[in-house]
Amino acid sequence: MALESAVPTEARGKKMGYVTNTILQPLRVDVAHALSAKSGELTMSVDELLHIQKISKWLLPTKCIVRRMLKNEFPVEFLPYHREDGTIVA
């Protein structure tokens, strides 16, 4: 159950770039354009339980991906007490 909440089935075994481009990017576009669709229709709504569930499902994996990307980009500055093997420097 913990694995399912952290890494949805669609993302298991996939590279971060794949998940970002094929799953998270379209979701981001849906959220960003929910109120600004050219047609004037809402494509996503906080009142729709399915939309809330979809966003909630990808929130934790997105946080993990962002942390990994920040650690890759700024290894000394971002979480300096975390080593690459997951151990913590005291």
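Above: the structure in question.
Source: prediction; values computed, not measured.

**Student:** For this particular structure, what's the right way to read the pattern of salt bridges?
**Tutor:** Should their charged atoms come close, side chains of opposite charge can pair. Tallied over the entire structure, the rule returns 2 salt bridges. Between lysine 57 and glutamate 10 there is a salt bridge whose closest N-O contact spans 2.6 Å. One end of the pair, lysine 57, is in helix H3 (residues 49-73); the other, glutamate 10, is in the loop between helix H1 (2-6) and helix H2 (16-32), with 47 residues separating them in the sequence. Glutamate 10 gets classed as partly exposed once you look at its relative accessible area, which sits at 38%. Notably, a salt bridge pairs arginine 68 with glutamate 84, separated by 3.2 Å at the nearest N-O pair. With a gap of 16 residues between them, arginine 68 in helix H3 and glutamate 84 in the segment after H3 connect regions that are remote in the sequence.

**Student:** What's the story with the side chain of lysine 71 in this structure? I'm lost.
**Tutor:** Structurally, the position occupied by lysine 71 is in helix H3. Buried charged residue lysine 71 carries no salt bridge. Nearest counter-charge: glutamate 84, at 5.4 Å. In contact with lysine 71, other than residues within four places in its own chain, are Phe78, Leu79, Pro80, His82 and Glu84.

**Student:** Explain a nonpolar patch on the surface here, please?
**Tutor:** A contiguous nonpolar surface patch, about 230 Å² in accessible area, is contributed by Val66, Leu70 and Phe74. Among the secondary structure elements, valine 66 is positioned in helix H3. Classification of valine 66 by relative accessible area gives partly exposed; the value is 40%.

Rules behind the numbers
- Residues numbered from 1 in each chain as written.
- Predicted model: local features only at pLDDT ≥ 70, side-chain atom pairs only at ≥ 80, totals over all residues.
- Heavy atoms only, no water.
- Salt bridge = Lys/Arg side-chain N within 4 Å of Asp/Glu carboxyl O.
- Helix = DSSP H or I, 4+ residues; strand = E, 2+ residues; numbered from the N terminus.
- Buried < 20%, exposed > 50% of the residue type's maximum accessible area, 1.4 Å probe, protein only.
- Lys, Arg positive; Asp, Glu negative; His and termini not counted.
- Contact = heavy atoms within 4.5 Å.
- Patch = residues over 30% accessible without salt bridge, like charges linked within 9 Å, V, L, I, M, F, W, Y side chains within 5 Å.
- Areas by Shrake-Rupley, 256 points an atom, 1.4 Å probe, with all protein chains shown as cover.

By themselves, these figures tell us nothing about what the structure is for.
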